[in-house]
Amino acid sequence: MQNLDQDVVIVGAGPAGLSAAQMLGRARRRTLVLDSDSPRNRFAEHMHAVVGFDGTSPAELRRRGREETERYGVVFRSARVASVTEIDGGLEVGLAGGTERITTRALLVATGVSDRMPDVPGLAERWGRTVLHCPYCHGWEVRDRRIGVLATSPMSLHQIELVRQWSPDVVAFTAAAGDLGDDVRERLRARGIRTVSSPVVAVTGPAEAADDAHDAAIGAVVTADGQRVAIDAIFTGGHLEPHDGFLAGLDLARADGPVGSFIAVDAAGATSHPLVWAAGNVVAPMANVPLSMGAGSMAGAAVNAALVGRDAAAALERRRGHAADWEARYAETDRVWSGRVNETTSTVIAELEAAGSLTPAAALDLGCGEGGDALWLASRGWSVTGVDLSPTAVSRAQAAARDAQVDATFVAGEIDAAELGEFDLVTTSFLHSWDPEFSRIPLLRAALRHVAPGGRLLVVSHAGGPPRGPEDGEPHDHPDHPPFPTPAEERAALDLDPTEWVVEREEIVERREIREHAASAASGHAASRPPHPLDGVLLLRRLP
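Residues numbered from 1 in each chain as written. Predicted model: local features only at pLDDT ≥ 70, side-chain atom pairs only at ≥ 80, totals over all residues. Heavy atoms only, no water.

Peer 1: Which parts of the structure should I look at to understand the overall build of the chain?
Peer 2: The helix and strand tally for the chain stands at twelve helices and 26 strands. The proportion of buried residues among the 544 residues of the chain is 46%. Considering only contacts within the chain whose residues lie at least 6 apart along the sequence, 66% involve residues at least 24 apart. A total of about 26400 Å² of accessible surface is found on the chain, and carbon and sulfur atoms cover 51% of it. (Helix = DSSP H or I, 4+ residues; strand = E, 2+ residues; numbered from the N terminus. Buried < 20%, exposed > 50% of the residue type's maximum accessible area, 1.4 Å probe, protein only. Contact = heavy atoms within 4.5 Å. Areas by Shrake-Rupley, 256 points an atom, 1.4 Å probe, with all protein chains shown as cover.)

Peer 1: Before we go on, may I ask you to explain helix 1 (residues 15-26) in this structure?
Peer 2: Because an α-helix packs 3.6 residues into every turn, residues spaced three or four apart end up facing the same way. Under the 1.5 Å per step criterion, the end-to-end length of helix 1 is 17 Å for twelve residues, consistent within 8% with the ideal 16 Å. Burial in helix 1 covers these residues: Ala-16, Gly-17, Leu-18, Ser-19, Ala-20, Ala-21, Leu-24 and Gly-25. The secondary structure elements touched by the buried residues of helix 1 are strand 1 (6-11), strand 2 (31-35), helix 2 (58-70), strand 3 (75-78), strand 6 (101-109) and helix 6 (289-331). Positive phi appears at Arg-28, one or two residues downstream of helix 1, with a value of about 65°. (Expected span 1.5 Å × (residues − 1).)

Peer 1: I keep staring at the side chain of Thr-204 and nothing clicks. Help me out?
Peer 2: As for its position among the elements, Thr-204 is in strand 12 (residues 200-204). On the basis of relative accessible area, Thr-204 is assigned to the buried category, the value being 15%. A polar contact of 3.3 Å, which involves the side chain of Thr-204, links it to the side chain of Arg-228. In contact with Thr-204, not counting residues within four places along its chain, are Arg-126, Ala-217, Ile-218, Gly-219, Ala-220, Val-222 and Arg-228. (Polar contact = N/O pair within 3.5 Å; in protein donor to acceptor, adjacent residues only side chain to side chain.)

Peer 1: Explanation requested: the sheet that holds strand 13 (residues 220-223) in the structure shown.
Peer 2: The strands making up a sheet associate through hydrogen bonds between their backbones, and the pairing can be parallel or antiparallel. Pairing is antiparallel across the open sheet formed by three strands, whose spatial order is 12-13-14. Every other strand in the sheet has two partners, leaving strand 12 and strand 14 (228-230) as the edge strands with one partner each. Strand-to-strand twist across the sheet, computed as the mean angle between neighbouring axes with direction ignored, equals 25°. As judged from the four bridges shared by strand 12 and strand 13, these two strands associate in the antiparallel manner. Counted as the bridge partner of Val-200 is Thr-223 from strand 13. (Pairing = 2+ DSSP bridges. Axes fitted to C-alpha atoms, helices over the stretch in contact; angles between N-to-C directions.)

Following this line, the structure appears as structure tokens:
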């Protein structure tokens, strides 16, 4: 899998973006949030109809949300996104004002919308304070006061009738609503709603001072025919512009509705692009804070689920490729290994047998290869089962067992998928791989599951390559191979239950070949040295 900068980039840190980020952070995804620091509700002093946060300022909600989300490792940056383009395996996010590019496996857009107010002097500067858009969000605060509703389209009729729930003193400025019709006018009159059909030309403060337009208080709404209608608050709806221009290069499907054209998404926020999700006002312009938070949470979970699916597919491909590579390695030559038992493995087992703490019974050799260790055990009276993912290696081990006439069975398959029961001794020697994403720990946990009560697991591993020296040349370790973990590090990673497991040996030993090499060198004889002179030994016993 290509190594991209992030699992997910979220654009926008409002309620939707923060909720998505928190879900993804808790899902342990590498998540970066890019935000322009100009949220839609920055003009409002308080939020309402948000359970548990009623009266809290939007800025405080954002502060708390960011603080909570950063605890889960999510990173925030102040930046504007200029473009998003496809790359192999993901997306590339270009930032405005520079050449920086950020690569990501998935993108979640939560950039919201801008409210473009009617071009009426004195209106925009009062936005979010006495010029309002949502009676559910702000109606209670202006209840029973003189409320005006400035229509911007025929759809404003709904807002006009809705506002009447909060005050009996409502004036509707209907010039932009078109011809209401006799039935509508009668219905409004029946509810005590007065209509003014002359266009609104200004909103003024309570006095005529030069700085009135910068004061949130409203004195009057001025119409083209000279009327001055006393008003305390105005509800209106501006033209909604989604902040999605930076996505133009992806050609996302859109949905046209009564308030404009918006990116089309499903219930989980998925767009027409398999790597892009969107949530909040950028796709649902009428959604309030709780709805945006819920949509962000849903989208965050959906992104994680999609990545889980992709991770599983990639892991399956790697697993199959890994098995194929090992099979190819065995198949391309008549023999890969020496056929002899691993020196360290045989030494540890022989010492246990000599001490009387281990007697031949049922044994399992995981990653048996061509059967060297398993056949040695069988020759000492053990009933042995060997497992390896290479059919060629297993076939060779089976032939060797027949030739030696020993009690050994060999199975081709994945170590962690084998259902073989429990054994008195489970061994695995040099269970390593050149694959940088190969993980031994899940395989060692699988080995633990096959140890019978009172039985043992013996893990012998490489613990390092030969040291550099003037006579040694280059070390033999594969340059891309990660450092070999020590037995102590692997034991810690296994997180053993101390009520079930006892550590009998945990050490690094030098092979006999190294000692012999040193003796030969001292006597003046040349000797080749093995590529991995140190072995790690981890011997665990399962309590009865």
